[in-house]
Amino acid sequence: MADLISVFFDGKPYTVPSDLTIMTAMEYAGFRLVRGCGCRHGFCGACGTIYRIKGDNKVYFALACQQQVSADMYVATLPFFPLNRRDYKLEELTAEHTVMMRLHPEIFACIACNSCTRSCARGLNVMQYIAYAKRNDLAACAKESFDCVACGICSARCPADISHPLVGLLARRLKGKYLTPAAAHNKKRVEEINNGKHDEPVNGLMQLTQAEIAALYDTREIGG
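Residues numbered from 1 in each chain as written. Predicted model: local features only at pLDDT ≥ 70, side-chain atom pairs only at ≥ 80, totals over all residues. Heavy atoms only, no water.

A sheet is described by the order of its strands in space; here 5 strands give the open sequence S2-S1-S5-S3-S4, paired in mixed fashion. Pairing within the sheet leaves two strands with one partner each, and these edge strands are strand S2 (12-17) and strand S4 (60-63). With strand direction ignored, the average angle separating the axes of adjacent strands in the sheet is 35 degrees. Here 6 bridges tie strand S3 (residues 48-53) to strand S5 (residues 73-78), and the two strands are oriented antiparallel to one another. Directly across from Gly-48, in S5, lies its bridge partner Leu-78. (Pairing = 2+ DSSP bridges. Helix = DSSP H or I, 4+ residues; strand = E, 2+ residues; numbered from the N terminus. Axes fitted to C-alpha atoms, helices over the stretch in contact; angles between N-to-C directions.)

Here it is as structure tokens:
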């Protein structure tokens, strides 16, 4: 069994194994995580966490599912951050140069303090993708923000009250719908499915037991 260490969850002391993540350590301590974390049948990014280590003045940011506990760690969780959501229908938008200005005008109040980047639990260059959004470079903004899980920690630290995850999400949606070339092979496969070409093998799989499906998976051919 791993060594036991002392940690603090929401100000209360607990003794937990040192090889656990913050999330599993909280569960070990008796917390019931019912806030909808992705690995708990909810959405990824719901376990945003702020912590300090005794004797260290620095504030650290992490996702509870990824960060391992350490001795004398003082943990506070952010189960939900109220981002300022915009109502829009993607079909009614275009990738024209004013779309970010209309839906997220707050990005132009950015003072380039870089608090968003320094606080990102995923290590993303958040201020950079906001800069791309200001220039309406949707492709670059989408790429730079691709790994965002919308935990909201960056927005919690922003003096301009920017909803960074939603800016990145809009860029990725617009890029996917209007800037990315259509995949011809995908269209062809959809047509095949609609025409019933794959009904027979799919129906055959539906008749197999779980053990038979597992055997097929284990012996599948994997391309080099």
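This brings us to the pairing of S3. In the case of a regular strand, side chains alternate between the two sheet surfaces. As judged from the 4 bridges shared by S3 and S4, these two strands associate in the antiparallel manner. Within the sheet, the bridge partner assigned to Ile-50 lies in S4 and is Phe-61. Connecting S3 to the next strand, S4, in antiparallel fashion are 6 residues, including Gly-55 with a positive phi near 90 degrees.

Our focus in this paragraph is the nonpolar core. It is characteristic of soluble globular proteins that their nonpolar side chains tend to be buried jointly. Met-100, Ile-107, Val-126, Ile-162 and Val-167 are the most contacted members of the largest nonpolar core, which has 26 residues in total. At the level of elements, helix H2 (99-103), helix H4 (126-134), helix H5 (138-144) and helix H7 (164-179) are the ones that each hand at least two residues to this core. Sort the elements by how many residues they give to this core and H4 lands first, with 5 residues. Each residue touching Val-126, except ones within four places of it in the same chain, is listed here: Cys-116, Thr-117, Cys-120, Cys-154 and His-164. (Core = buried A, V, L, I, M, F, W, Y, C linked by side-chain atoms within 4.5 Å. Buried < 20%, exposed > 50% of the residue type's maximum accessible area, 1.4 Å probe, protein only. Contact = heavy atoms within 4.5 Å.)

Turning our eyes to something else, we now look at the environment of Pro-159. On the secondary structure map, Pro-159 appears in the loop between helix H6 (153-156) and H7. Here the alpha-carbon distance between Pro-159 and Cys-116, two residues 43 residues apart in the chain, equals 9.6 Å. The contact partners of Pro-159, leaving out residues within four places of it in the chain, are Ile-111 and Cys-113.

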